[in-house]
Amino acid sequence: MEPNRTLPRVAADGPLDATVTGLLADRVELLPWEATDGAMGAVDGLYTYGHPTVDAAMLDRLPGLRVVSNYGVGVDHIDVAAASARGIPVGNTPGVLDGATADMGFALLLASARRLVEGDRYARSAAFTRYDPGYMLGREVHGSTLGIVGMGRIGEKIARRALGFDMTVLYHNRRRRPDIEQTLGIAYAGFDELLAASDFVVLCVPLTETTRGLINAARLNRMKPSAVLVNIARGPVVVTDDLLDALRSGTIAAAGLDVTDPEPLPRDHPLLGLENVVISPHLGSATDRTRLRMAEGSVANLMAGLAGRPLPCPVAAPPPGPE
Ligand code: 8YV
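The following refers to the structure shown. (Residues numbered from 1 in each chain as written. Predicted model: local features only at pLDDT ≥ 70, side-chain atom pairs only at ≥ 80, totals over all residues. Heavy atoms only, no water.)

1. Observations regarding the sheet that holds strand 11 (residues 254-257)
What links the strands of a sheet is backbone hydrogen bonding, and the strands pair in either a parallel or an antiparallel sense.
Okay, so step 1: If you walk across this open sheet you meet the 7 strands as 8-7-6-9-10-11-12, and the pairing is parallel. Strands at the two margins of the open sheet, each flanked by one partner only, are strand 8 (187-188) and strand 12 (277-279).
Okay, so step 2: Relative to strand 9 (residues 200-203), strand 6 (residues 145-149) is paired through 4 bridges, and the arrangement is parallel. Pairing of Leu 146 across the sheet is with Phe 200, part of strand 9.
Okay, so step 3: Contacts from helix 4 (residues 98-113) reach strand 6, strand 9, strand 10 (228-231), strand 11 and strand 12, with the element oriented near 150° to strand 11. (Pairing = 2+ DSSP bridges. Helix = DSSP H or I, 4+ residues; strand = E, 2+ residues; numbered from the N terminus. Contact = heavy atoms within 4.5 Å. Axes fitted to C-alpha atoms, helices over the stretch in contact; angles between N-to-C directions.)

Below is the structure:
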């Protein structure tokens, strides 16, 4: 640090969570994100919220950078390999948000299956004049088959919830998970097999170059016409135009989306006009308790990195070569 500076300088993407600002008060000098252009002097740390991009060019503009801390688990906006190559640790907050995100995945699954949002709109409208046994029939959740794509911490939590709903659970993952197959009694399936057999498909994968566009027209065509797709991963894991076509043409029945591509969707986007899609504004981890833990974890990573200590939750650099 320069001799005339007392506090480390941290460029933060806003708006900052009030807990984060409280935890950082008198410990760092907060700078606007614009400081990452290098014109406002030295930057010791970066603090991000799942965006904006932290790439090699930015890291090169900030030679004194000691740490990048992300509030959240997904670090698809950070070039972790470039940071590692420069000796800059990247931290995130895994673990603390798995339960909340899995709850949200299940909420979207149930809402899409049972037409909850559509029903809410109808119940509030003048069109609702009397009960009709034939209206708004949905899809049964209990006893159906759930396919989980990505068996990490969140995928496992989704599986546990599904078992409580008497669902048959299939999963697909890069690495097979015999431990979870055994403890939960769930079955591994090839990707195509999972898509064809599932009544509900929940996406729980990180966004990487391998998973970008994973759900495209060909994949949607393999799904049942009665199937529901739930995305709690990242918007670009699904090709938006292909999903739109599939929902319009009845290739699949419905979708529950916590994330979209782009995010937010333009206000006149045709997806927003469809009845068979439920969309939430990236609320996966949005509960007070989880957000508190994310704030604490991300600040702990930031302060450790600024002090030159190992981060409590470092993100491992991806191995070189294709995933
Ligand atoms: C965050 C998330 O709310 O952790 C993640 O990857 O998607 C969410 O929990 C988001 O990153 C914004 O901070």
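2. Let's talk about the environment of Ala 107
Okay, so step 1: Structurally, Ala 107 is set in helix 4.
Okay, so step 2: Here Ala 107 falls in the partly exposed class, since its relative accessible area comes to 37%.
Okay, so step 3: As for Ala 107 and Gly 256, which are separated by 149 residues in sequence, their C-alpha atoms are 8.9 Å apart. (Buried < 20%, exposed > 50% of the residue type's maximum accessible area, 1.4 Å probe, protein only.)

3. Looking at the site of the ligand
Okay, so step 1: In the neighbourhood of the ligand, the contacting residues comprise Tyr 49, Gly 50, Tyr 71, Gly 72, Val 73, Gly 74, Leu 97, Arg 234, His 282, Ser 285, Arg 291 and Met 294.
Okay, so step 2: Separating an oxygen atom of the ligand from a backbone N or O atom of Val 73 is a distance of 2.7 Å.
Okay, so step 3: Contacts to the ligand include Arg 291, whose side-chain N or O atom sits 3.1 Å from an oxygen atom.
Okay, so step 4: Protein contacts shield 87% of the accessible area of the ligand, which totals 320 Å² for the unbound molecule. (Near = heavy atom within 4 Å. Polar contact = N/O pair within 3.5 Å; in protein donor to acceptor, adjacent residues only side chain to side chain. Areas by Shrake-Rupley, 256 points an atom, 1.4 Å probe, with all protein chains shown as cover.)

4. Some words on the environment of Asp 166
Okay, so step 1: Tracing the sequence through the fold places Asp 166 in the loop between helix 6 (153-164) and strand 7 (168-172).
Okay, so step 2: Linking Asp 166 and Thr 145, residues 21 residues apart in sequence, is a C-alpha distance of 9.2 Å.
Okay, so step 3: In this view, Asp 166 contacts His 142, Gly 143 and Ser 144; residues no more than four positions away in its chain are not counted.

5. Considerations on the packing of aromatic side chains
Okay, so step 1: Throughout the structure, instances matching the rule amount to 8 aromatic pairs.
Okay, so step 2: Measuring from ring centre to ring centre gives 5.5 Å for Tyr 122 and Phe 128, while their planes differ by 45°; the resulting arrangement is tilted.
Okay, so step 3: Its relative accessible area of 25% is what places Tyr 122 among the partly exposed residues.
Okay, so step 4: Members of the aromatic cluster, each reached through a chain of ring pairs, are Tyr 122, Phe 128, Tyr 131 and Tyr 135. (Phe/Tyr/Trp six-rings, centres within 6.5 Å; stacked < 30°, edge-to-face > 60°.)

6. Observations regarding the layout of surface pockets
Okay, so step 1: Computed from the structure, the second largest pocket encloses a volume of approximately 210 Å³.
Okay, so step 2: Forming the boundary of the second largest pocket are Asp 258, Val 259, Thr 260, Glu 263, Pro 264, Leu 265, Arg 267, Leu 272, Ile 279, Ser 280, Pro 281 and His 282.
Okay, so step 3: Of the residues assigned to the lining of the second largest pocket, the class counts are 6 nonpolar, 3 polar and 3 charged. (1 Å grid on protein atoms, 1.4 Å probe; cavity = no way out; pocket = protein on both sides within 12 Å on 5 of 7 lines; lining within 4 Å. Points joined across faces, edges and corners; volume = space filled by probe spheres on them. Nonpolar A, V, L, I, M, F, W, Y, C, P; charged D, E, K, R; others polar.)

7. Details of the side chain of Asp 13
Okay, so step 1: Structurally, Asp 13 is set in the loop between strand 1 (9-12) and helix 1 (18-24).
Okay, so step 2: No salt bridge is formed by the buried Asp 13; the nearest opposite charge belongs to Arg 234, separated by 11 Å.
Okay, so step 3: In this structure the side chain of Asp 13 is engaged in a polar contact, spanning 3.3 Å, whose partner is the side chain of His 51.
Okay, so step 4: In this structure Asp 13 touches Trp 33, Tyr 47, Thr 48, Tyr 49, His 51 and Pro 52, once residues within four positions along its chain are discounted. (Lys, Arg positive; Asp, Glu negative; His and termini not counted. Salt bridge = Lys/Arg side-chain N within 4 Å of Asp/Glu carboxyl O.)

8. A few points about the pairing of strand 2 (residues 29-32)
Okay, so step 1: Looking at chain direction, strand 1 and strand 2 are connected through 4 bridges and run parallel. Of the residues in strand 2, the one forming a bridge with Ala 12 is Pro 32.
Okay, so step 2: Handedness of the crossover joining strand 1 and strand 2 through helix 1 is recorded here as right-handed. (Right-handed = clockwise from strand over helix to strand, strands pointing away.)

9. What to know about the sheet that holds strand 5 (residues 90-91)
Okay, so step 1: The strand order 2-1-3-4-5 describes an open sheet built from 5 strands, whose pairing is parallel. Single-partner strands in this sheet number two, and they are strand 2 and strand 5.
Okay, so step 2: Sitting on the sheet, helix 11 (residues 288-306) is in contact with strand 1, strand 3 (45-48), strand 4 (67-70) and strand 5, with an inclination near 180° to strand 4.

Function-wise, these values are silent; they only describe arrangement.
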